[in-house]
Amino acid sequence: MSDRQAADIHAADTYAALDRWIDDHFDEQVRFLQELVRVPTDTPPGNNAPHAERTAELLATMGLQAERHAVPADAVRAAGLESITNLIVRRRYADGGPVIALNAHGDVVPPGEGWTHGPYSGEVVDGKLYGRAAAVSKCDFSTYTYAVRAVEALAQSLSQPGAPTLKGGVELHFTYDEEFGGELGPGWLLDQGLTKPDFEIAAGFSYQVVTAHNGCLQMEVTVNGVMAHAAIPDSGVDALQGATAVLNALYAQNVLYKQVRSSVTGITHPYLNVGLIQGGTNTNVIPGKVVLKLDRRMIPEENPHEVEATLHEVIRAAAATVPGVTVDIKRMLMAHALQPLAGNRPLVEALQRHGEDVFDEPIPESGTPLYTDVRLYCERGIPAVIYGAGPRTVRESNAKRADEHIVLDDLRRATKVVARTLLDLLR
């Protein structure tokens, strides 16, 4: 037997030992996730500090001490939220290896209606765990926690010569501002100098290894008219009529966007959505004000500031077609697209190799039309990828819809893939 063959057999045995530890502790991992789902983190209103406290308590029972980093109340209120406490768990090993951050967010959109399983129940039915954030992304609190525990348990249990020696370190970043852009989550931790890892893996939502994603521009457009009695409409200026002109102009842009194609696999073209409309006071009153909130997804090839300037032009030109109407435009969010950094190859290659082995199918590298906190690491020069527990497509998990869930077998397998990847990079 050659040295290479012996090394391959030893590696396979090591990965098998990791897998066994995860299998042996999987019921415990599921209970951990259930506890996380049972503490609501609806954003808005965004009172997320209680969930961070509960998470820290649960981690402490496993011997993982979490640093609690409370974001100042003034900054939280200015962002339209109530409380944020971000968590960092630091695990340091021997010198000479990289520090790898694992980031998942606990804040989620409100559950909405149509659930057949309680949104905070953590109920397990037919191999699926149900609840808001079960798939995005409290599941990866558990994926990353148990992957780290498995790697450390393996290193501690193998005391004979040739046992894996861990070098470098791991950090768990559990944050609470993804739904509002992440600047008070990972962005705040990075800006405060509380962390500077060498690599980062961010919460996933499908089998793919994701290395690029869309950007997102969110804007609030206030269409101003003059309120008046409906019996004498000429005494007012109908803000809703102005808003209709603006809406028609915005939706016409979607036709043009289909002609702009991205070269990134998994990303198609830009698009725009008007997600909220508010205005008027009563049926017998000419509306004096209408507020539109829009979401413009930007492909990686687009310049965000040019996109914003063009939308301003489109909105103002449309409003000008209705005499007396004025508009105020406010940026709510500017999230840049994720552009892959060349240094991400060790992460990508390890995740793909182990993903193909554990899932027994090719694991592609792709982009996604979503935007996530991972961009905040890459913007600061930290190579990062998106990978965690999820189905083949986001739609399958009902993420952000009623009956969101994670297939437990997908959770188990993703934990094994992440654990194997950490072991490769830390030894």
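Quantities reported herein were computed from a predicted structural model and do not represent experimental measurements. (Residues numbered from 1 in each chain as written. Predicted model: local features only at pLDDT ≥ 70, side-chain atom pairs only at ≥ 80, totals over all residues. Heavy atoms only, no water.)

1. Some details on the UniProt feature "domain: Peptidase M20 dimerisation" (unreviewed entry) in the chain
Part 1: Per the UniProt entry, the sites bearing "domain: Peptidase M20 dimerisation" (unreviewed entry) are residues 211-320 in this numbering.
Part 2: Between the end C-alpha atoms of residues 211-320 there is a gap of 42 Å, over a span that is 32% helix and 33% strand. (UniProt positions renumbered as here; feature names shortened; annotations may be inferred. Helix = DSSP H or I, 4+ residues; strand = E, 2+ residues; numbered from the N terminus.)

2. Structural notes on the packing of aromatic side chains
Part 1: On inspection of all chains with the given rule, the structure shows five aromatic pairs.
Part 2: Aromatic pair W21 and Y146: ring centres 6.3 Å apart, planes at 40°, arrangement tilted. Placement of the pair is W21 in helix α1 (residues 3-24) and Y146 in helix α5 (residues 138-157), with a sequence separation of 125 residues. Each member of the pair, W21 as well as Y146, is classed as buried.
Part 3: Between the aromatic rings of F32 and Y146, the centroid separation amounts to 6.1 Å while the plane-to-plane angle is 50°, which identifies the pairing as tilted. Here Y146 lies in helix α5 and F32 lies in helix α2 (residues 26-37), a separation of 114 residues in the sequence. Y146 matches F32 in its accessibility class, with the two residues each being buried.
Part 4: Through successive ring pairs, a cluster of aromatic residues spans W21, F32 and Y146. (Phe/Tyr/Trp six-rings, centres within 6.5 Å; stacked < 30°, edge-to-face > 60°. Buried < 20%, exposed > 50% of the residue type's maximum accessible area, 1.4 Å probe, protein only.)

3. Things to note about the sheet that holds strand β17 (residues 405-407)
In a beta sheet, neighbouring strands are held together by backbone hydrogen bonds and run either parallel or antiparallel to one another.
Part 1: Strand order across the open sheet formed by three strands is β4-β5-β17, with antiparallel pairing between neighbours. Two strands lie at the open edges of the sheet, namely β4 (124-125) and β17, each paired on one side alone.
Part 2: Bridge count for β4 against strand β5 (residues 128-130) is two bridges, and the pairing is antiparallel. Residue pairing for β5: V125 is matched across the bridge by K128.
Part 3: Contacting β4, β5 and β17, α2 crosses the sheet at an angle of about 20° to β5.
Part 4: Sitting on the sheet, helix α11 (residues 408-426) touches β4, β5 and β17, and the angle it makes with β17 is about 65°. (Pairing = 2+ DSSP bridges. Contact = heavy atoms within 4.5 Å. Axes fitted to C-alpha atoms, helices over the stretch in contact; angles between N-to-C directions.)

4. Describing helix α3 (residues 49-60)
Part 1: The terminal C-alpha atoms of α3, which comprises twelve residues, lie 17 Å apart, in line with the 16 Å expected from a rise of 1.5 Å per residue.
Part 2: Within the span of α3, buried status applies to H51, A52, T55, A56, L58 and L59. End-on, the buried residues of α3 take up no more than an arc of 165°, which puts them together on one face. (Expected span 1.5 Å × (residues − 1). Arc of directions from axis to C-beta.)

5. Points about the nonpolar core
The tendency in soluble globular proteins is for nonpolar side chains to be buried as a group.
Part 1: The biggest cluster of nonpolar side chains holds 74 residues, and the ones touching the most others in it are L102, L129, Y144, Y387, L411 and L422.
Part 2: Considering every element that reaches this core, the biggest residue donor is α11, with ten residues.
Part 3: Not counting residues within four places of it along the chain, the set of residues in contact with L102 comprises Y144, V148, V170, E171, L172, H173, I201 and L422.
Part 4: If you look at the next biggest cluster of nonpolar residues, it comprises 30 residues, including Y257, V290, L311 and V325. (Core = buried A, V, L, I, M, F, W, Y, C linked by side-chain atoms within 4.5 Å.)

6. Points about the packing of α2 against α5
Part 1: Contact pair α2 / α5: the axes reach a minimum separation of 9 Å and the direction vectors enclose 145°. Both α2 and α5 take part in a crossing whose hand is right-handed. For the pair α2 and α5, contact is made by E28, Q29, F32, L33, L36 and V37 and by K138, C139, F141, S142, T143, T145, Y146 and R149, respectively.
Part 2: Along the lines of polarity and charge, the residues of the contact of α2 with α5 split into seven nonpolar, four polar and three charged. (Left-handed = near helix turned anticlockwise from the far one by under 90°. Nonpolar A, V, L, I, M, F, W, Y, C, P; charged D, E, K, R; others polar.)

7. Observations regarding the layout of surface pockets
A probe matching the size of a water molecule, rolled over the atoms, marks out where space remains unfilled.
Part 1: Taken as a whole, the largest pocket encloses approximately 1,400 Å³ of empty space.
Part 2: When contributions to the lining of the largest pocket are tallied by element, the ones reaching two or more residues are β3 (94-105), β11 (271-279), β13 (289-298), β14 (326-335) and α10 (374-378).
Part 3: Tallying contributions element by element places β14 first for the lining of the largest pocket, with five residues.
Part 4: Each residue belonging to the lining of the largest pocket can be placed in one class, and the counts come to 23 nonpolar, eleven polar and 14 charged.
Part 5: Quantified by volume, the second largest pocket comes out at close to 190 Å³. (1 Å grid on protein atoms, 1.4 Å probe; cavity = no way out; pocket = protein on both sides within 12 Å on 5 of 7 lines; lining within 4 Å. Points joined across faces, edges and corners; volume = space filled by probe spheres on them.)

8. Section: empty space enclosed by the protein
Part 1: For the structure shown, the criterion picks out one cavity of 30 Å³ or more.
Part 2: Reported here for the largest cavity is a volume of approximately 40 Å³.
Part 3: Around the largest cavity, the lining residues are V108, V109, R132, V136, E179, K400 and E404.
Part 4: By residue class, the composition of the lining of the largest cavity is three nonpolar, no polar and four charged.

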